[in-house]
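# Tertiary structure, described
So you can see what is in the structure, the chains are spelled out below.
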Amino acid sequence: MTRYEPAIDLDAITAIDVHVHIEVDHHGHSSLPDDLRDAAATYFSTDGPNPDLDGVAAYYRERQMAAVVFTVDARTNFGHAPISSADIAEGAARNNDVLIPFGSVDPLSPTAVDDARRLIEDHGVRGFKFHPTVQGFDPSDPAYSPLYQTLQDAGVVALFHTGQTGIGAGLPGGRGLLLGLSNPMLLDPVAARFPGLQIIMAHPSVPWQDEALSVATHKHNTWIDLSGWSPKYFPESLVRAANSYLKSRVLFGSDFPLLTPDRWMRDAETAGSFKPGVMPGILKDNAVRLLGLAG
């Protein structure tokens, strides 16, 4: 077992994509059950690349970008074995010039804290991905405080999906998944109770964009990533915040493979939403600071 340590030449890369999903492992195992995978493909009209981890590394290396890679462990809610976060960390160690591993643990599992500690100590993950709607948990519930305490003590990042999701869309009852669990306001008490925990609120949090901006304005241990939506469709309030009062805590993310960094960059340039002066921070510098990549 090789423990991850980054070896990223920060001068050689143009951007750090903080939101990249590993959707299939090297055995061909999918991160989602078949019905959800097929429904998501229909919802997102995906026909682009969906490589395994080494393929993702090659894809980003070709673009002179680094990428934060992760999966989502929802084994309790889905009854489906996740892709191994330990394997993701191992693959990132193999490609540590371009990849940064985040782990995922099932918050509903009685072993979540021990699983998180093992991924941090043995495998060197730099953060954790949570998807409250997919994993079926209310992130504001104090029952998860021991897990957040573990992350805060280790100095790793917590990245939460916020807003609408295409997972379960179109299935009967949305497959039982609850959108309200991904309201960013549920992260406000987490940020309040754990001021040393750095929290990324992923995506434009539609339909709760104002809630996300409110939390980020009040709790300076929160960040917003710009993944999952083309910049052409970003809410005006988010663009205004990224250009001014939140410019030091906004992060580039694509949501690969659902949205590619190529598409994001092209549409950002076409839309002309962001001031030239804030783009270096959004694309790379803010993530370097958050992830401690400069040493």
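### Concerning the sheet that holds strand E5 (residues 157–161)
Sheet strands line up and pair through hydrogen bonds in the backbone, either parallel or antiparallel. Here five strands make up an open sheet; going across it, the order is E4-E5-E6-E7-E8 and the pairing parallel. Each edge of the open sheet carries a strand with a single partner, namely strand E4 (127–130) and strand E8 (250–251). Across four bridges, the pairing between E4 and E5 is parallel. Residue pairing for E5: Phe-128 is matched across the bridge by Ala-158. Across the face of the sheet, helix H9 (residues 209–218) comes into contact with strand E6 (199–202) and strand E7 (222–225) while running at roughly 140 degrees to E7.

### Quick notes on the pairing of strand E1 (residues 15–21)
Here E1 lies mainly inside the structure; seven of its seven residues are buried. The sheet contact formed by E1 and strand E2 (residues 65–70) spans five bridges and is parallel. By the bridge assignment, Asp-17 is partnered in E2 with Ala-67.

### Let's talk about helix H4 (residues 85–94)
Regarding H4, the residues found buried are Ser-85, Ile-88, Ala-89, Gly-91, Ala-92 and Ala-93. In this structure, the buried residues of H4 make contact with helix H2 (53–62), E2, strand E3 (99–101) and helix H5 (112–121). The distance from a side-chain oxygen at the start of H4 to the backbone nitrogen of Ala-86 is 3.2 Å, and the residue carrying that oxygen is Ser-84.

### What to know about the nonpolar core
A general tendency of soluble globular proteins is for nonpolar side chains to be buried together. Grouped together as the largest cluster of nonpolar side chains are 86 residues, with contacts concentrated most on Phe-128, Trp-264 and Phe-274. When residues in this core are grouped by element, the largest group, seven residues, is from helix H12 (residues 279–291). Of all hydrophobic cores here, the second largest spans nine residues; its members include Leu-32, Leu-36, Val-72 and Phe-78.

### With respect to the packing of H5 against helix H7 (residues 145–154)
Packed helix pairs are specified by the crossing angle of their axes together with the interaxial distance, meaning the distance between the axes. It is the contact of H5 with H7, at a shortest axis distance of 9 Å, that shows an interaxial angle of 15 degrees. If you check the angle between H5 and H7, you find them roughly parallel. Crossing of H5 against H7: the hand is right-handed. Each of Ala-112, Val-113, Ala-116, Arg-117 and Ile-120 in H5 lies in contact with H7, whose residues at this interface are Pro-146, Leu-147, Thr-150, Leu-151 and Ala-154.

### Points about the packing of aromatic side chains
The full count for this structure, using the stated rule, is 13 aromatic pairs. Between the aromatic rings of Tyr-60 and Phe-256, the centroid separation amounts to 5.8 Å while the plane-to-plane angle is 80 degrees, which identifies the pairing as edge-to-face. Remark: Phe-256 occurs in the loop between E8 and helix H11 (261–271) and Tyr-60 occurs in helix H2; sequence separation between them is 196 residues. Taking the relative accessible area as the measure of exposure, Tyr-60 reaches 0% and is therefore buried.

### Overview of the sheet that holds E2
Pairing is parallel in the open sheet, where three strands are placed in the order E1-E2-E3. A strand with exactly one partner marks an edge of an open sheet, and here the two such strands are E1 and E3. Each strand axis lies, on average, 25 degrees off the axis of its neighbour in the sheet, ignoring direction. Packed onto the sheet, H2 meets E1, E2 and E3 and runs at close to 155 degrees relative to E2. Set on the sheet, H12 makes contact with E1, E2 and E3; between it and E1 the angle comes to about 70 degrees.

### Points about the environment of Gly-176
Mapped onto the fold, Gly-176 is located in the loop between E5 and helix H8 (188–193). The exposure class of Gly-176 is exposed, given its relative accessible area of 54%. In sequence terms Gly-176 and Ala-40 are 136 residues apart; their C-alpha atoms lie 15 Å from each other.

### Overview of H7
All of the buried residues along H7 are Ser-145, Leu-147, Tyr-148, Thr-150 and Leu-151. In the core, the buried residues of H7 are packed alongside H5, E4, E5 and H8. Two residues or fewer past H7, Gly-155 is found with a positive phi of approximately 75 degrees.

Reading the values: the criteria
Residues numbered from 1 in each chain as written. Predicted model: local features only at pLDDT ≥ 70, side-chain atom pairs only at ≥ 80, totals over all residues. Heavy atoms only, no water. Pairing = 2+ DSSP bridges. Helix = DSSP H or I, 4+ residues; strand = E, 2+ residues; numbered from the N terminus. Contact = heavy atoms within 4.5 Å. Axes fitted to C-alpha atoms, helices over the stretch in contact; angles between N-to-C directions. Buried < 20%, exposed > 50% of the residue type's maximum accessible area, 1.4 Å probe, protein only. Polar contact = N/O pair within 3.5 Å; in protein donor to acceptor, adjacent residues only side chain to side chain. Core = buried A, V, L, I, M, F, W, Y, C linked by side-chain atoms within 4.5 Å. Parallel < 35°, antiparallel > 145°, perpendicular 65-115°, else oblique. Left-handed = near helix turned anticlockwise from the far one by under 90°. Phe/Tyr/Trp six-rings, centres within 6.5 Å; stacked < 30°, edge-to-face > 60°.

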